[in-house]
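Below, each chain spelled out in residue letters.
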Amino acid sequence: MAEQKEAQSKVSVYSLVMTIVVAIVTVALAWGRMEQATASIDKAIEQKLDKEVFQMYLQQTEQRLKSIDSRLARLQDGVDKLNERTAKP
């Protein structure tokens, strides 16, 4: 009877130790997967932010070019009017 209890005790301890080992391995795997997913998401966010910043830069550049274009058009109109005035005797 004592041998049976001792064997049962050893099995219970072994079972407990294996359960703890499996739990630790499972937590470690989950932690690694979470870290990998977080890194992937962070990278995607950085790429999206870089793209948004670049889009903003392009919009600003486009606005500047439109402003320069309109100024050049006004200057050209002024030059044309000046040429018309000076060409008439």
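Scroll up to find the structure this text is about.
Small disclaimer: the values here were computed from a predicted structure and weren't measured.

## Remarks on the overall build of the protein chain
Broken down by element type, the protein chain carries 1 helix and 0 strands. In terms of C-alpha radius of gyration, the protein chain reaches 38 Å, well past the compact-globule figure of 12 Å for 89 residues. Along the three orthogonal principal directions, the C-alpha set of the protein chain runs to about 130 × 10 × 5 Å. Relative to its full complement of 89 residues, the protein chain shows a buried share of 0%. If you sum the accessible surface of the protein chain, you get close to 8600 Å²; carbon and sulfur atoms cover 63% of it. Averaging the locations of the 13 positively and 12 negatively charged side chains of the protein chain gives two centres separated by 7 Å.

## Points about the environment of Gln47
Assignment of secondary structure puts Gln47 in helix H1 (residues 2-87). Owing to a relative accessible area of 49%, Gln47 belongs among the partly exposed residues under this scheme. A sequence separation of 21 residues divides Gln47 from Ile68, and the C-alpha atoms of the two residues are 31 Å apart.

## Quick word on a nonpolar patch on the surface
A cluster of nonpolar residues, Val13, Val17, Val21, Val25 and Leu29, forms a patch on the protein surface that exposes about 420 Å² of accessible area. With respect to the helices and strands, the residue Val17 is situated in helix H1. The class of Val17 is partly exposed, set by a relative accessible area of 43%.

Reading guide: rules and limits
Residues numbered from 1 in each chain as written. Predicted model: local features only at pLDDT ≥ 70, side-chain atom pairs only at ≥ 80, totals over all residues. Heavy atoms only, no water. Helix = DSSP H or I, 4+ residues; strand = E, 2+ residues; numbered from the N terminus. Rg over C-alpha atoms; globule rule 2.2 N^0.38 Å. Buried < 20%, exposed > 50% of the residue type's maximum accessible area, 1.4 Å probe, protein only. Areas by Shrake-Rupley, 256 points an atom, 1.4 Å probe, with all protein chains shown as cover. Lys, Arg positive; Asp, Glu negative; His and termini not counted. Charge placed at Lys NZ, Arg CZ, Asp CG, Glu CD. Patch = residues over 30% accessible without salt bridge, like charges linked within 9 Å, V, L, I, M, F, W, Y side chains within 5 Å. Salt bridge = Lys/Arg side-chain N within 4 Å of Asp/Glu carboxyl O.

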